[in-house]
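So the chains spell out like this:
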Amino acid sequence: MPEREPAGERVYRGIAVAGGVAHARILRLGQASQEVPQHRLEEGEIDAEMARFRDALVETRRQIADVQRRVSAAMGAQEAGIFEAHLMVLEDPSLLDQVGSRVRGDRENAASAFHTVAGKYAAALEAADDDYLRERAADLRDLSTRVLDNLLGIVGESDLSRLTGPVIVVAHDLSPSTTAMLDRSKVLGFATDVGGKTSHTAIIARKLSIPAVVGLGDVTRKVRNGEYALIDGHGGTLTVNPTDATLFQYGQIRERRAALDERLRDLRSQPAITMDGVSLVLAANIEDPGDIAAVKESGAEGVGLFRTEFLFLEPGAAPDEEKQYAAYRAVAEACAPAPVVIRTLDLGGDKLFAGQHHEANPFLGWRAIRISLADPALFRPQLRAVLRASAHGNVKLMYPMISCLDELLAANALLEGCRAELRRDGVAFDERMEVGVMIEIPSAALIAPALAEHADFFSLGTNDLTQYTLAVDRLNQRVAHLHTPTHPAILRLIQLTVEAAHARGRWVGVCGEMAGDPAAIPLLVGLGVDELSATPAVLPAAKFLLRRLKLAEAKALAAEALACPGAARIQALSLAVAKACAPELFTEG
Ligand code: PEP
Ligand code: MG
């Protein structure tokens, strides 16, 4: 339950992850299972408590039937069938009797009684030998969260699809897939207790241009549903009960920002070329074919990173080869003749697919190419779909999270097998489709010369490269200050990668969040990268800066930075160059 806070304006500071300012009433999402109150009932309260429990069950049944109807309409009756099991659990007489006897016999409040009984059932299912029963444990935990949300009057993630008016969502955390499905017209901003700047939730917020602040500690305990709040995604604050003066001040910032955006939009059709005539490719990161309109709007030269795993995170069955082919082809055709870099599945980490087991260290475990190589039945349809799409545009394929040469060779061997099948069946594809590797693990940067012999290009994933080099969890707000892509160790790995690629005539892009950060762009240009790929919303500012930068000064900056021992100092040096080129980007809010 929220703590009592004094009336008047309250400002909470966190990590700014997606720019913009918005104000609306707070919708506080809760996770009932984390804060189930326990208390003893008075004799006279028992009947009312049982009635509340029955009401919560009725409401849960209504919600599940509603989801079932929507899934059935979107994906067919078979997929919707899984909810039958949920509905049956809600009618399980033994479970309901046990809750009833704890409430009536032990005078335990219904939420606590249900939480305990459902927890015991789930634990028993988890311990079963049978895979089917173990999967039902997850269903039961899901269901139990819903019942508790209803019992305690807590708004859950599922309620986000039924919003009737504008809100600022305040939650402990939001998953990347929930964030991707937020209704942009209703959710004007969000703030979370945990998270970091390069989490996929933050990345999606930037893509959707939803002002967002993460890492606010225990803000969910300090705000109440319905309080009025202003979120500043540039400055990283959530202001509850803002005064008129605060609202006025932010109104002015918004106006200045809109005027700057207008100016930046004018550059859309201009080339991404430095003041001394060096061209770079400015491309877009996307997660869905629906992002193409924003890519066009941003003036990007194609797509430098298509995070295909998001197609697998949508509700329902994983897309088969045909569905993937249709998605990849649509993007390739929309961008042609500009290139589209399709990255194979990067599931795992903070992007868990249905049924994926929880791991203690998910970023070090069952993730990305490791999953794909272990499961050719999952990987081959994707490779075939990308190859087939390559007949319809300028498609390039890229593998995520390569840590050693063997992984690259194994992936290439599977790809070669798919090429042979398509040739045999007379299916068209681009025989010269480029195949690249993400450099996002330090070991990959260190063996870049060997990888460059078997890859056509590299793309630096600075989000993970920073996480893995500096041992800093990209999701953890406590260590967010250490997630510094300007650390000299990262710069050296970037330098090694660029040198190895260029020595073999390969090109190098950057598709981590660093590529879209105006303060870091002079450094990347100076280090010799050929392409910057970032979420469409930030590309106009990146181009504005690039067109005012000189390669010579960027090179001098990189040389000075490489000789510098500290991340903060390097960041300041790069920022100074960026500010001197384009002060507007740093002063307009
Ligand atoms: C990266 O790690 O920098 C990257 C671009 O990949 P992702 O953010 O999807 O892990
Ligand atoms: Mg990555």
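The rules behind each value
Residues numbered from 1 in each chain as written. Chains lettered and ligands numbered in written order. Predicted model: local features only at pLDDT ≥ 70, side-chain atom pairs only at ≥ 80, totals over all residues. Heavy atoms only, no water. Axes fitted to C-alpha atoms, helices over the stretch in contact; angles between N-to-C directions. Helix = DSSP H or I, 4+ residues; strand = E, 2+ residues; numbered from the N terminus. Parallel < 35°, antiparallel > 145°, perpendicular 65-115°, else oblique. Left-handed = near helix turned anticlockwise from the far one by under 90°. Contact = heavy atoms within 4.5 Å. Nonpolar A, V, L, I, M, F, W, Y, C, P; charged D, E, K, R; others polar. Donors = N, O, S within 2.8 Å, 3.2 Å for Na, K, Ca; no water. Buried < 20%, exposed > 50% of the residue type's maximum accessible area, 1.4 Å probe, protein only. Salt bridge = Lys/Arg side-chain N within 4 Å of Asp/Glu carboxyl O. Domains from an automatic or database assignment. Core = buried A, V, L, I, M, F, W, Y, C linked by side-chain atoms within 4.5 Å. Pairing = 2+ DSSP bridges. Near = heavy atom within 4 Å. Polar contact = N/O pair within 3.5 Å; in protein donor to acceptor, adjacent residues only side chain to side chain. Areas by Shrake-Rupley, 256 points an atom, 1.4 Å probe, with all protein chains shown as cover.

### Digging into the packing of helix H4 (residues 93–106) against helix H5 (residues 110–126)
Contact pair H4 / H5: the axes reach a minimum separation of 9 Å and the direction vectors enclose 140°. In terms of their interaxial angle, H4 and H5 are classed as oblique. As for the relative orientation of H4 and H5, their crossing is right-handed in sense. Of H5, the residues touching H4 (which contributes Ser94, Leu95, Gln98, Val99, Arg102 and Val103) are Ala110, Ala113, Phe114, Thr116, Val117, Lys120 and Tyr121. Residues that form the contact of H4 with H5 fall into these classes: eight nonpolar, three polar and two charged.

### Structural notes on the coordination of the magnesium ion (ligand 2)
Around the magnesium ion (ligand 2), the donor atoms from the protein are Glu440 (OE) and Asp464 (OD), and they sit 2.0 to 2.1 Å away. With a gap of 24 residues between them, Glu440 in the loop between strand S13 (435–439) and helix H16 (442–446) and Asp464 in helix H18 (residues 462–470) connect regions that are remote in the sequence. A relative accessible area of 2% means that Asp464 is categorised as buried.

### Quick look at the pattern of salt bridges
If you walk through the whole model with that rule in mind, you get 37 salt bridges. Of the charged contacts in the structure, one is a salt bridge between Lys222 and Asp218, with a shortest N-O distance of 3.2 Å. The shortest N-O distance in the salt bridge between Glu321 and Arg388 comes to 2.7 Å. Linking Glu321 in helix H12 (residues 321–335) with Arg388 in helix H14 (residues 376–389), this pair joins segments that are 67 residues apart in sequence. Accessibility classification places Glu321 together with Arg388 in one group, the buried group. Taken together, the shared-partner salt bridges in this structure form one network comprising Glu309, Arg343, Asp346, Lys351, Arg367, Asp464 and Arg474.

### Some remarks on the domain arrangement of the protein
What the domain assignment lists for the protein is domain 1 (10–30 + 162–252), domain 2 (43–152) and domain 3 (267–455 + 510–586). For domain 2 versus domain 3, the separation of C-alpha centres amounts to 43 Å.

### What to know about the nonpolar core
Core analysis: the biggest nonpolar cluster contains 101 residues, and Tyr328, Tyr399, Phe458, Ile494, Leu532 and Leu546 have the highest contact counts within it. With seven residues, the single largest contributor to this core is helix H19 (residues 488–503). Every residue in contact with Leu546, bar those within four places of it in the chain, is listed here: Ala272, Ile273, Thr274, Met275, Leu280, Leu282, Ile521, Val525 and Leu532. Within the second largest apolar cluster, 27 residues are counted, among which are Met50, Leu95, Leu148 and Ile154.

### Details of the sheet that holds strand S10 (residues 303–307)
Around the barrel, which closes on itself, the eight strands sit in the order S9-S10-S11-S12-S13-S14-S15-S16 with parallel pairing between neighbours. Strand-to-strand twist across the sheet, computed as the mean angle between neighbouring axes with direction ignored, equals 25°. Inspection of the sheet shows strand S9 (residues 281–286) paired to S10 by three bridges, in the parallel sense. Bridge pairing in S10 places Ala284 opposite Val303.

### Overview of the site of ligand 1
Neighbouring ligand 1 are 17 residues; His200, Arg307, Gly461, Asn463 and Arg474 lie closest to it. At 2.7 Å from an oxygen atom of ligand 1 is found a side-chain nitrogen or oxygen belonging to His200. Backbone polar atom of Asn463 to an oxygen atom of ligand 1: 2.8 Å apart, as the coordinates give it. Bound to the protein, ligand 1 loses 100% of the 290 Å² it would expose on its own. Contributing elements (two or more residues each) for the shell around ligand 1: helix H8 (200–208), S10 and H18. With three residues, the single largest contributor to the shell around ligand 1 is H18. Across the shell around ligand 1, the residue classes tally to four nonpolar, five polar and eight charged.

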